[in-house]
Amino acid sequence: MRQSQSDSVVQAVGLVKRFGNITALDGLDLTVTRGEVHGFLGPNGAGKSTTIRAALGQLRLDRGRVTVLGMDSWERAVDIHASLAYVPGDTMLWPGLTGGQCIDLLGGFHGAMSRRRRDELIERFDLDPTRRFRTYSKGNRQKVALVAALACDVELLVLDEPTSGLDPVMEAVFQRVVAERSEAGVTVLLSSHILAEVEALCETVTVVRAGRAVFTGRLSELRSGRATAVDAVTAAAVTGLERMEGVDRLRIDAAPRGVRTTLLAATEALPGVLTALSAARPAQLTISPPSLEQLFLDNYAEDGGDPR
């Protein structure tokens, strides 16, 4: 279904930005629909942060236009910032203030802050708000920015590598809180290199390379037609798989309870593969859709890019 203009919280069309001889954006398009958590993926230098800076009104584009909440990002930046909260990948604030004071100041910039949610998030993120900001580690600096943003009642959260420096436990807390804010109707633009994080939170993603969008759509669309991983343990080796069209990376190894077979099966080959394996009465059978990490690498490989 085609989205109407009013459904779009962020609408970027034909963005071009050059810094000297370097082209950061080369005709990039991006649409973030109201109420979604939209993943924004790409390697370093792909143009993600430049796009976000343009959306925040922090730089003037050479060509193209960004609107946020229906307002031009360059002309109406002050009005836009009253309705969004932003978390960068590395937070540097007022070194002499405490973390709690920084949170309250940031909350004043972002919009109306819920005091109850602020205190709850400080506890959930295990942050000591009485320490001076200059004494914080990188992870704790990120917690200050996250608490300030997630405690505010805003329409849009713009998160640019927000969990940089957080340990896995705090990353899990972050994911739960963002999911809660999304359920409350907040729109989220999430730029992240942690693909498991994007996969857990986002149904829709945009993949960028060299300043252009190479894919945008739902994760289900990105997975459509991609190979499925199959892992089975059977009493004896299953014959005929090597002759099936659409079977790739077939490997047969000895296993404690027989023979282990792993392979990738294209969509059209999957029914035949499963029929052959089922006939062998597998003691173990695991079928896994392609991970976002593999899809991400495949997109860059197909587009001629460097997946690193």
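For clarity, every value in this text was computed on a predicted model and none was experimentally measured.

About the thresholds
- In this numbering scheme, every chain counts its residues from 1 along its sequence in written order.
- Note on the predicted model: pLDDT of at least 70 is required for a residue's local features to be given, and 80 or more for side-chain atom pairs to be given and counted; whole-chain, interface and lining totals, by contrast, use all residues.
- Here the side-chain values reflect all heavy atoms present in the structure, with hydrogen atoms and water set aside.
- Only strands that DSSP links by at least two bridges are regarded as paired with each other.
- Starting at the N terminus, helices and strands are each numbered in turn, a helix being any DSSP run of H or I of at least four residues and a strand any DSSP run of E of at least two.
- Throughout, an axis means a line fitted to C-alpha atoms (over the contacting stretch in the case of helices), and angles, computed between N-to-C directions, take values from 0 to 180 degrees.
- The contact definition used throughout considers only heavy atoms, calling two residues in contact when any of these lie within 4.5 Å.
- Working definition: roughly parallel below 35 degrees, roughly antiparallel above 145 degrees, roughly perpendicular at 65 to 115 degrees, and oblique for all remaining angles.
- Handedness of each helix crossing follows the sense of rotation of the near helix against the far helix: counterclockwise by less than a right angle gives left-handed, clockwise gives right-handed.
- For this classification, Asp, Glu, Lys and Arg are treated as charged, while Ala, Val, Leu, Ile, Met, Phe, Trp, Tyr, Cys and Pro are nonpolar and the rest, including Gly, are polar.
- Working definition: with a 1.4 Å probe on protein chains only, accessible area under 20% of the residue-type maximum means buried, over 50% means exposed, and in between means partly exposed.
- Expected helix span is taken as 1.5 Å per residue step, with the number of steps being one fewer than the number of residues.
- Surface patches are drawn from residues lacking salt bridges whose relative accessible area is over 30%; two like charges belong together within 9 Å, two nonpolar side chains (Val, Leu, Ile, Met, Phe, Trp, Tyr) within 5 Å.
- Only the protein chains shown count as cover for residues, and all accessible areas are computed by the Shrake-Rupley method using a 1.4 Å probe.
- What counts as a salt bridge is simple: a side-chain nitrogen of Lys or Arg found within 4 Å of a carboxyl oxygen of Asp or Glu.
- Charge counting treats Lys and Arg as positive and Asp and Glu as negative, with His and both chain ends excluded.

**A word on the sheet that holds strand β13 (residues 258-265)**
So, step 1. Ordered by their spatial adjacency, four strands build an open sheet running β12-β13-β11-β14, and the pairing between neighbours is antiparallel. With one partner strand each, in any of the chains shown, β12 (247-255) and β14 (284-288) form the two edges of the open sheet. Pairs of neighbouring strands in the sheet enclose a mean axial angle of 10 degrees, with direction left out of account.
So, step 2. Bridge analysis of strand β11 (residues 228-234) against β13 gives seven bridges, and the strand direction is antiparallel. Of the residues in β13, the one forming a bridge with V230 is L263.
So, step 3. Against the sheet, helix α9 (residues 270-279) touches β11, β12, β13 and β14, its axis set at about 10 degrees to β11.

**Quick word on the sheet that holds strand β10 (residues 212-218)**
So, step 1. With respect to topology, six strands assemble into an open sheet ordered β6-β7-β8-β3-β9-β10, the strand pairing being mixed. Each edge of the open sheet carries a strand with a single partner, namely β6 (84-87) and β10. Neighbour-to-neighbour, the strand axes of the sheet open up by a mean angle of 15 degrees, direction not taken into account.
So, step 2. Bridging between strand β3 (residues 37-41) and strand β9 (residues 204-209) involves four bridges; their strand directions are parallel. In the sheet register, H38 faces β9, and the bridge partner there is T204.
So, step 3. Contacts from helix α5 (residues 138-150) reach β6 and β7 (156-160), with the element oriented near 170 degrees to β6.
So, step 4. Across the sheet, helix α6 (residues 168-183) lies against β3, β7 and β8 (187-191), angled at about 155 degrees from β7, the strand it touches most.

**Here we look at the pairing of β12**
So, step 1. With seven bridges connecting them, β12 and β13 associate as antiparallel partners. Paired with D248 across the bridge in β13 is L264.
So, step 2. Connecting β12 to the antiparallel partner β13 that follows it, the hairpin turn spans two residues.

**Focus: the packing of helix α3 (residues 99-110) against α5**
Describing two packed helices takes the angle between their axes plus the distance from one axis to the other.
So, step 1. Two elements in contact, α3 and α5, have axes separated by 8 Å at closest approach and are oriented at 40 degrees. Looking at the two axes, α3 sits oblique to α5. Handedness of the α3/α5 crossing: right-handed. Contacts between α3 and α5 involve G99, C102, I103, L106 and H110 from the first element and V144, A145, V147, A148 and A149 from the second.
So, step 2. Residues that form the contact of α3 with α5 fall into these classes: eight nonpolar, two polar and no charged.

**Some details on unusual backbone geometry**
Most peptide bonds are trans, and most residues other than glycine sit at a negative phi.
So, step 1. Residue E161 is not a glycine yet carries a positive backbone phi of 50 degrees.
So, step 2. With a phi close to 55 degrees, R249 is a non-glycine residue in the positive phi region.
So, step 3. With respect to the helices and strands, the residue R249 is situated in strand β12.
So, step 4. What makes R249 exposed here is its relative accessible area of 54%.

**Observations concerning α3**
So, step 1. Here α3 is twelve residues long and its end C-alpha atoms lie 16 Å apart, about the 16 Å a rise of 1.5 Å per residue gives.
So, step 2. The elements touched by buried residues of α3 are α2 (77-81), β6, α4 (115-124) and α5.

**What about a nonpolar patch on the surface?**
So, step 1. A cluster of nonpolar side chains, contributed by W94, L105 and F109, occupies part of the molecular surface with about 290 Å² of accessible area.
So, step 2. Position of L105 among the secondary structure elements: in helix α3.
So, step 3. Judged by its relative accessible area of 37%, L105 falls in the partly exposed class.

**Quick word on the side chain of E161**
So, step 1. Position of E161 among the secondary structure elements: in the loop between β7 and α6.
So, step 2. Comment: no salt bridge for buried E161; closest opposite-charge side chain is K48, at 4.7 Å.

**A few points about the packing of α3 against α4**
So, step 1. It is at 12 Å that the axes of α3 and α4 come closest, and there the two elements cross at 140 degrees. Taken together, the axes of α3 and α4 lie oblique to each other. By crossing handedness, the relation of α3 to α4 is classed as right-handed. Here G100, I103 and D104 of α3 come into contact with α4, specifically with R115, R118 and I122.

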